[in-house]
Amino acid sequence: MKYYLIAGEASGDLHASHLMKSLKNIDNEADFRYLGGDLMKAVGGTLVRHYRDMAYMGFIPVLLHLRTIFRNMKQCKQDIEQWHPDVVVLVDYPGFNLKIAKYVHSALQIPVYYYISPKIWAWKEYRIKNIKRDVDELYSILPFEVDFYEGKHQYPIHYVGNPTADEVRVFQKEYSENFGQFCQRNNLDERPVIALLAGSRKQEIKDNMPAMIEAAKTFDGYQLVLAGAPAIDDDYYAKFVEGQPVKLVHNDTYALLSHATAALVTSGTATLETALFRVPQVVCYETPVPWFINFLRKHLLKVKYISLVNLIADREVVTELVADTFKVENIRTELGRILPGQPDRQTMLQGYDEVHQALGEQVAPDQAARLIIRSLSL
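These numbers were taken from a predicted model, which means no experiment stands behind them.

Okay, the overall build of the chain next. The helix and strand tally for the chain stands at 18 helices and 13 strands. Taking 2.2 N^0.38 as the reference for a compact globule, 378 residues should give roughly 21 Å; the C-alpha atoms of the chain span a radius of gyration of 22 Å, in line with that estimate. With the C-alpha coordinates aligned to their principal axes, the bounding extent of the chain is approximately 65 × 45 × 40 Å. Among the 378 residues that make up the chain, the fraction classed as buried is 53%. Put simply, of all contacts in the chain between residues at least 6 apart along the chain, 64% involve residues at least 24 apart. Entry remark: accessible area of the chain is about 17900 Å², with carbon and sulfur atoms responsible for 51%. The average position of the 42 basic charges and that of the 46 acidic charges among the side chains of the chain differ by 6 Å.

This is the structure in structure tokens:
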């Protein structure tokens, strides 16, 4: 069968590449054409446009590149029409993908499947109308989305498992390095580790890391190890860690979490990864204009939490220090409560067990591939 996939950013490229591999394992004649990235290209098929030419985040960048965005969308529509695939598979990236779904559904009558559903439960819930109208099958990687889509909006979806849980399981199965070897390889001493996961974007790092370091460095007997993000150069980190008791470990986050005693983590997938490695954590996320962010959380945002851990558990498993609660003294206090010997540590680990159970053991791309092919074969 012919599969047309659209992934508009790096995470989508990763998840789409895994889905493509799973589809090929079932469908020997799978033919792929896609907007995506290098990981998808490595699997095979035809790369029409790289996500680097599509990914504009924030109001001003989008406004400045409107002409390019509209041109990309027009070319994508034309390319789908000319190639006429058996199915269009959209991967996250809702701003672009939902517009493509509308066109494909109305003008071409080609099935539209969505892998990694848009997070409309947090923002822009009105998009459910578009999804109901234009998306034939939706595959979710977050278990609480089932109740949101099916219970609240009467739109049936498929929970297929969580890719992050898959990746952690594979890593833990293959990783055999002990703590001493890890420390030696990364030029660390052998004191217990407090891991710092300060985000993957420069602005996140700039906003969060100084307070994280200031709070954590007061704990005697621990070494602070910063997880370097793949796209961030050492020179950028240097301005924050110079003169501070912090060591930088690059492109080795899973190994770091395998050996960490506790962690300070910004919001995002990293909070879930930390939980899956059973490392007690404090979620720290600095925001501009804290009072305004608090107003948005209370009156406009649709979710009670910002971390995936708490969203999946539907309760506060990990402490979230956001907006006006993001303060050095608060970070220091909460970190102290989850170190060895403190009662909050065991309570958090028990909460992690709930999260792991909720995620299940399904391999997300394999399950999604089976459902996609079964649906197309009906």
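For the rest of this paragraph, the subject is unusual backbone geometry. A positive phi angle is found at Q109, which is not glycine, with a value near 55 degrees. Structurally, Q109 is set in the loop between α5 (94-108) and β5 (112-115). Of note in this structure, N187 is not a glycine but carries a positive phi near 60 degrees. Inspection of the secondary structure puts N187 in the loop between α9 (179-185) and β8 (193-197).

Attention now goes to the sheet that holds β8. The sheet built from 6 strands is open, its strands ordered β10-β9-β8-β11-β12-β13 with parallel pairing. Here the strands that pair on one side only, and so sit at the sheet edges, are β10 (246-250) and β13 (319-322). Recorded for the sheet is a direction-independent mean angle of 25 degrees between the axes of neighbouring strands. In the sheet, β8 pairs with strand β11 (residues 260-265) via 5 bridges, with the strands oriented parallel. What sits directly across from I194, in β11, is A262. Sheet strands touched by helix α10 (residues 202-216): β8, β9 (223-228), β10, β11 and β12 (281-285). Its angle to β8, the strand with the most contacts, is close to 160 degrees.

The angle between the axes and the distance between the axes are what describe a pair of packed helices. Direction vectors running N to C along α10 and helix α16 (residues 328-336) enclose 50 degrees, while the axes themselves pass 8 Å from each other. Taken together, the axes of α10 and α16 lie oblique to each other. In this structure, α10 crosses over α16, and the sense of that crossing is right-handed. Facing α10, whose interface residues are A211, E214, A215 and A216, α16 presents V328, I331, R332 and L335. Considered class by class, the residues forming the contact of α10 with α16 number 6 nonpolar, no polar and 2 charged.

What follows deals with the pairing of strand β6 (residues 137-140). In terms of strand pairing, β5 meets β6 through 3 bridges, oriented parallel. Residue pairing for β6: Y115 is matched across the bridge by Y139. As a crossover connection, the stretch from β5 through helix α6 (residues 128-134) into β6 is right-handed. Inspection of the sheet shows β6 paired to strand β7 (residues 158-159) by 2 bridges, in the parallel sense. Opposite Y139, over in β7, you have H158 as the bridge partner.

Let us look at α16. Among all positions of α16, only I331, E334 and L335 are buried. Projected down its long axis, α16 shows its buried positions confined to an angular sector of 100 degrees, all on one face. Where α16 is buried, its residues meet β8, α10, β11, β12 and β13.

Next up on the list: the pattern of salt bridges. A pair can form between side chains of opposite charge whenever their charged atoms are brought close. Using the criterion set out here, one finds 15 salt bridges in the structure. Here R169 makes a salt bridge to E361, at a shortest N to O gap of 3.5 Å. Within this pair, whereas R169 is found in helix α8 (residues 163-174), its partner E361 is found in the loop between α17 (343-359) and α18 (364-377), the two being separated by 192 residues in sequence. With its nearest N and O atoms 3.3 Å apart, the salt bridge here joins E214 to K217. Taken together, the shared-partner salt bridges connect D166, R169 and E361 into one network.

Its place among the elements puts V225 in strand β9. Its relative accessible area of 0% is what places V225 among the buried residues.

This part is about the nonpolar core. Note that soluble globular proteins tend to have their nonpolar side chains buried in a common cluster. With 132 residues, the main nonpolar core has Y3, L5, I80, Y115, L196 and L335 as its most contacted residues. Setting aside anything within four residues of it in sequence, one finds I80 in contact with Y4, I6, P85, V88, I100, V104, L108 and I110.

Rules used in this analysis
Residues numbered from 1 in each chain as written. Predicted model: local features only at pLDDT ≥ 70, side-chain atom pairs only at ≥ 80, totals over all residues. Heavy atoms only, no water. Helix = DSSP H or I, 4+ residues; strand = E, 2+ residues; numbered from the N terminus. Rg over C-alpha atoms; globule rule 2.2 N^0.38 Å. Buried < 20%, exposed > 50% of the residue type's maximum accessible area, 1.4 Å probe, protein only. Contact = heavy atoms within 4.5 Å. Areas by Shrake-Rupley, 256 points an atom, 1.4 Å probe, with all protein chains shown as cover. Lys, Arg positive; Asp, Glu negative; His and termini not counted. Charge placed at Lys NZ, Arg CZ, Asp CG, Glu CD. Pairing = 2+ DSSP bridges. Axes fitted to C-alpha atoms, helices over the stretch in contact; angles between N-to-C directions. Parallel < 35°, antiparallel > 145°, perpendicular 65-115°, else oblique. Left-handed = near helix turned anticlockwise from the far one by under 90°. Nonpolar A, V, L, I, M, F, W, Y, C, P; charged D, E, K, R; others polar. Right-handed = clockwise from strand over helix to strand, strands pointing away. Arc of directions from axis to C-beta. Salt bridge = Lys/Arg side-chain N within 4 Å of Asp/Glu carboxyl O. Core = buried A, V, L, I, M, F, W, Y, C linked by side-chain atoms within 4.5 Å.

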